[in-house]
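Structural characterization, general
The primary structure of each chain is shown beneath.
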Amino acid sequence: VQLQASGGGLVQTGDSLRLSCAASGRTVSSVTMGWFRQAPGKDREFVASIRRNGYTYYGDSVKGRFTVSRDNAKNTMYLQMNSLKPEDTAAYYCAADPSIILTSMRFPHLYAYWGQGTLVTVSS
């Protein structure tokens, strides 16, 4: 699976941004896909995931503000980010895995496939 993340940029506090992760090699509906982020000097953090059945899961820091979705026709996963805060500033990565179990989705080292990061900077 090849993943291509895009959509990052510089925004202000309270703004919205949508990230995209285009997949090739497998359909997005046949794998669990996730978003992670990593700020300088910090560990990679779970943001959101969407399983093959369409169920979605979120990290506590983004719950209620971010929405993960996918478009099967475009074979693309999205992350809609609203009410952005300076602490959301990070490089955002998309990941995929065909067999990751529910209790493991928050652990980045368990995902087999990764896209390159896209940088999101939120100014105060």
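Up top is the structure these notes are about.
Residues numbered from 1 in each chain as written. Predicted model: local features only at pLDDT ≥ 70, side-chain atom pairs only at ≥ 80, totals over all residues. Heavy atoms only, no water.

Turning our eyes to something else, we now look at the pairing of strand β5 (residues 45-50). The buried count for β5 comes to five of six residues, which makes it a mostly enclosed element. Pairing geometry for strand β4 (residues 32-38) and β5, over five bridges, is antiparallel. Looking at the pairing, Gly34 lines up with Ser49 of β5. Between the end of β4 and the start of β5, which pair antiparallel, lie six residues, with Gly41 showing a positive phi angle near 80°. (Buried < 20%, exposed > 50% of the residue type's maximum accessible area, 1.4 Å probe, protein only. Helix = DSSP H or I, 4+ residues; strand = E, 2+ residues; numbered from the N terminus. Pairing = 2+ DSSP bridges.)

In this structure, Met33, Trp35, Leu79, Met81 and Tyr92 are the most contacted members of the largest nonpolar core, which totals 29 residues. Broken down by secondary-structure element, the contributors of at least two residues to this core are β1 (2-6), β3 (17-24), β4, β5, β7 (66-71), β8 (76-81), β9 (90-97) and β11 (118-123). Grouped together as the second largest cluster of nonpolar side chains are six residues, Phe36, Phe46, Ala95 and Ile100 included. (Core = buried A, V, L, I, M, F, W, Y, C linked by side-chain atoms within 4.5 Å.)

This structure, assessed with the given rule, holds five aromatic pairs. Taken together, a centroid distance of 5.3 Å and an interplanar angle of 50° make the contact between Phe36 and Trp114 tilted. Taken together, the positions of Phe36 in strand β4 and Trp114 in strand β10 (residues 113-114) put the pair 78 residues apart, joining distant regions of the chain. Here Trp114 falls in the partly exposed class, since its relative accessible area comes to 28%. Among the aromatic residues, ring-to-ring pairing joins Phe36, Phe46, Tyr93, Tyr111 and Trp114 into one connected group. Its guanidinium or amino end placed over the ring of Tyr93, Arg44 lies 3.8 Å from that ring's centre, counting from NZ or CZ. Residue placement shows Arg44 over the ring face of Trp114; its charged tip is 4.8 Å from the ring centre. (Phe/Tyr/Trp six-rings, centres within 6.5 Å; stacked < 30°, edge-to-face > 60°. Lys NZ or Arg CZ within 6 Å of the ring centre and 35° of its normal.)

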